Amino acid sequence: MRVLGVDPGLTRCGVGVVDGLPGRQLAMLGVGVVRTPPGDELGPRLLAVERGLEEWLDRYSPELVAVERVFAQHNVRTVMGTAQASAVAVLCATRRGIPVTLHTPSEVKAAVTGSGRADKAQVTAMVTRILRLDAPPKPADAADALALAICHIWRGGTTNRLTAAIRAHQSGTWHTPSTEDPPEQQASAPRAAYGRVPGRPRSSSRP
């Protein structure tokens, strides 16, 4: 699973690509920042963000894109710019048919550090450790982008597989294993397909 994480921003839009699966060692494929001059007009800045993100999409061809969900801030101007850059990221991915998922900052912090209240230094340290990097990614926007990608692989990847399994079951394409199936096929099927855990008696309803 290859995920492009995007930490949206007009002045600095962090981007990072991580490849891997839940429960396995993750690998960083690329990290950086798309920058725009603060003194430029809004239109050209958004266009520059779009072009920068398109280059990353072309270079790494991610299967999924994870974007930080915009949350309320005291500085209205800052949050507006973040929201606009976030919309550009969603647009670029959707135009290519790439699924996009939004993750809150606290969700990302909890996934990477174990605490939803971790500071940027803690997030950067854990990203460096998880990806086995020689040096911490800089600036913080770049580290946050990698954290977003890690969060989605660890959390979103599992959710996507569960959703696919539920849809397959509802559509009638889910295979219920039997004793005639090969042993490896029986072992790979989730317990839900059996209806109950083998060896455990069915619970009886009390009057």
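So, here is what we can say about the structure in this document. None of the values given here were measured: they were computed from a predicted structure. (Residues numbered from 1 in each chain as written. Predicted model: local features only at pLDDT ≥ 70, side-chain atom pairs only at ≥ 80, totals over all residues. Heavy atoms only, no water.)

Quick look at unusual backbone geometry
Step number 1: Residue Pro139 is bonded to the preceding Lys138 through a cis peptide linkage, with omega at -5°.
Step number 2: For Pro139, the position within the fold is in the loop between helix H4 (120–130) and helix H5 (140–171).
Step number 3: Despite not being glycine, Ser61 has its phi angle at roughly 45°, a positive value.
Step number 4: Along the chain, Ser61 turns up in the loop between helix H1 (42–60) and strand S4 (64–68).
Step number 5: Positive phi, normally seen in glycine, also occurs at Arg132, with a value near 55°. (Helix = DSSP H or I, 4+ residues; strand = E, 2+ residues; numbered from the N terminus.)

Considerations on the sheet that holds S4
Where strands meet in a sheet, backbone hydrogen bonds hold them as pairs that are either parallel or antiparallel.
Step number 1: One open sheet holds the 5 strands; their spatial order is S3-S2-S1-S4-S5, and the pairing between them is mixed. The outermost strands of the open sheet, each flanked by one partner alone, are strand S3 (27–35) and strand S5 (100–103). The average angle at which neighbouring strand axes cross in this sheet is 20°, direction not considered.
Step number 2: Both S4 and S5 contribute to a ladder of 4 bridges, which runs parallel. Within S5, the position partnered with Ala66 by the bridge is Thr101.
Step number 3: Seen against the sheet, H1 touches strand S1 (2–7), strand S2 (12–19), S3 and S4 and runs at an angle of roughly 165° to S3. (Pairing = 2+ DSSP bridges. Axes fitted to C-alpha atoms, helices over the stretch in contact; angles between N-to-C directions. Contact = heavy atoms within 4.5 Å.)

Considering the nonpolar core
Step number 1: Among the nonpolar cores identified, the biggest contains 21 residues, and Val3, Val18, Leu26, Val112, Val127, Leu131 and Ile150 are the most heavily contacted of them.
Step number 2: Listing elements by their share of this core, those giving two or more residues are S4, helix H3 (105–113), H4 and H5.
Step number 3: Considering every element that reaches this core, the biggest residue donor is H5, with 7 residues.
Step number 4: Once you skip the residues sitting within four places of it in the chain, Val3 turns out to touch Gly16, Val17, Val18, Pro62, Leu64, Ala66, Ala149, His152 and Ile153.
Step number 5: Of all hydrophobic cores here, the second largest spans 19 residues; its members include Val15, Trp56, Tyr60 and Ala89. (Core = buried A, V, L, I, M, F, W, Y, C linked by side-chain atoms within 4.5 Å. Buried < 20%, exposed > 50% of the residue type's maximum accessible area, 1.4 Å probe, protein only.)

In short, the description is geometric, and any link to function would need to be established separately.
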